[in-house]
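# Examination of the molecular architecture
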Amino acid sequence: MKKRELGNSGLYVSEIGLGCMSLPTDKIAAKYIVDAAIDQGISYFDTADLYDRGKNEEVVGYSLKGVRDQVILATKVGNKWNSDGSSWSWDSSKIYIKNQVKESLMRLQTDYIDLYQLHGGTMDDNLDEAIDAFEDLKNEGLIRAYGISSIRPNVIKHFLENSHASSVMMQYSMLDRRPEEWLETISSYGASVVTRGSLAKGLLTDEAITRASASEGYGTYSKAELLEMLQQLQSDSIDLHSVATAFILKNPQISSILAGASSLDQLNETIRAYKRTVTDERLLEVSHLLRQDVYNEHRD
């Protein structure tokens with residue numbers, strides 16, 4: 001599998017990364033999927049302290065034990081579970097980030113994190129304080145790079161302008177092209193994009209029509225518009241999963257697509273789609289059928 005640099009960090013990630021949120025909570029079952037992912041060339045694994053109240057980090061740490069130095073490990077911070085474990089609140093303070101990284105390191109069974117990400121944020125937050133925390137952690141050798149997971153252009157821009165961030169995680173797919181107008185800007189700050197939601201909840205797979213029929217639409221597409229567009233795509237006998245993957249990776253500003261897998265079958269389907277060749281001509285044809293949306297909120 002090909003690799004791309006994560007911004008200007010010097011870290012190289014596989015073009016398909018494993019979004020670990022969907023992994024089974026059973027450590028043995030999860031390790032089976034992680035081992036298979038590594039065998040297929042995936043070297044980038046992403047989790048968060050929020051997932052399963054930290055248990056997902058424990059599962060990932062267990063699964064990567066013994067191969068830690070061969071992979072890029074990413075996690076996220078900012079969502080703080082309440083004491084009873086029933087809900088969480090937001091905390092992007094410097095003291096919280098610097099304390100929480102220790103908890104993540106322990107759960108992940110490692111002494112460093114390759115990519116540490118702010119898991120959200122708004123312009124009401126003291127983003128500069130969060131950036132200071134990341135810079136301290138980088139200087140202390142506890143993290144190698146940092147970034148932000150956000151779909152708010154104003155937050156992303158402020159974060160990049162005032163930091164040495166290497167990445168921005170954004171929801172991006174053929175059905176949600178809003179990030180495209182920001183790709184060049186993000187790249188100009190020395191960062192790159194990691195995508196999530198690139199199969200649009202399964203709407204860009206072989207189950208497209210079934211899932212669309214059971215939906216209320218997606219993004220700015222009404223249910224009727226969604227069905228019509230997907231039927232047009234499928235009438236051309238295209239492999240939606242492969243096209244959806246190639247559509248994202250055609251952008252040089254994208255470092256990796258995070259794909260979840262709760263089973264070996266799902267992982268294998270992702271790899272199959274990645275390996276299938278999709279021509280530039282096909283991608284151009286498809287793009288003419290897709291809506292070009294932009295972010296209407298959180299711009300200033």
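Bear in mind that the values here come from a model prediction, so they are computed numbers and not experimental data.

### Points about unusual backbone geometry
Although it is not a glycine, Asp 52 adopts a positive phi angle of roughly 50°. Inspection of the secondary structure assignment puts Asp 52 in the loop between strand S4 (44–46) and helix H2 (55–64). At His 298, a residue that is not glycine, the phi angle is positive and equals roughly 55°. Structurally, the position occupied by His 298 is in the segment after helix H11 (280–287). For His 298, a relative accessible area of 34% gives the class partly exposed.

### Remarks on the packing of aromatic side chains
Tallying each qualifying case throughout the model produces four aromatic pairs. Ring centres 5.7 Å apart and planes at 85° place the aromatic pair Tyr 116 and Phe 134 in the edge-to-face group. On the criterion of sequence distance, the pair formed by Tyr 116 in strand S8 (residues 113–118) and Phe 134 in helix H4 (residues 127–139) is long-range, its members being 18 residues apart. Of the residues examined, Tyr 116 reaches a relative accessible area of 0% and is grouped as buried. The exposure class assigned to Phe 134 is buried, which follows from its relative accessible area of 0%. Taken together, the ring pairs connect Tyr 116, Phe 134, Tyr 146 and Phe 159 into an aromatic cluster. Over the aromatic face of Phe 247 sits the side chain of Lys 250, whose NZ or CZ is 4.6 Å from the ring centroid. Positioned above the aromatic ring of Tyr 221 is the side chain of Arg 291, whose terminal nitrogen or guanidinium carbon lies 4.5 Å from the ring centre.

### Here's the deal with the nonpolar core
Core analysis: the biggest nonpolar cluster contains 82 residues, and Phe 45, Met 174 and Leu 230 have the highest contact counts within it. For this core, the element with the highest residue contribution is helix H9 (residues 240–249), accounting for seven residues. Non-local contacts of Leu 230, meaning those with residues more than four positions away in its chain, are made with Leu 203, Leu 204, Ala 208, Ile 209, Ala 212 and Leu 240. Counting eleven residues, the second-largest nonpolar core is a separate cluster that includes Leu 6, Tyr 44, Leu 115 and Met 169.

### Looking at the sheet that holds S8
The pairing of strands in a sheet happens through backbone hydrogen bonds and is either parallel or antiparallel. Taken in spatial order, the eight strands line up as S3-S4-S5-S8-S9-S10-S11-S12 and close into a barrel, and their pairing is parallel. Here the average twist between neighbouring strands, direction ignored, is 30°. Examined bridge by bridge, strand S3 (residues 16–19) and S4 share two bridges and lie parallel to one another. Bridging from a neighbouring strand, Gly 19 pairs with Asp 46 of S4. Across the face of the sheet, helix H3 (residues 94–108) comes into contact with strand S5 (72–77), S8 and strand S9 (143–149) while running at roughly 135° to S8.

Parameters and conventions
- Residues numbered from 1 in each chain as written.
- Predicted model: local features only at pLDDT ≥ 70, side-chain atom pairs only at ≥ 80, totals over all residues.
- Heavy atoms only, no water.
- Helix = DSSP H or I, 4+ residues; strand = E, 2+ residues; numbered from the N terminus.
- Buried < 20%, exposed > 50% of the residue type's maximum accessible area, 1.4 Å probe, protein only.
- Phe/Tyr/Trp six-rings, centres within 6.5 Å; stacked < 30°, edge-to-face > 60°.
- Lys NZ or Arg CZ within 6 Å of the ring centre and 35° of its normal.
- Core = buried A, V, L, I, M, F, W, Y, C linked by side-chain atoms within 4.5 Å.
- Contact = heavy atoms within 4.5 Å.
- Pairing = 2+ DSSP bridges.
- Axes fitted to C-alpha atoms, helices over the stretch in contact; angles between N-to-C directions.

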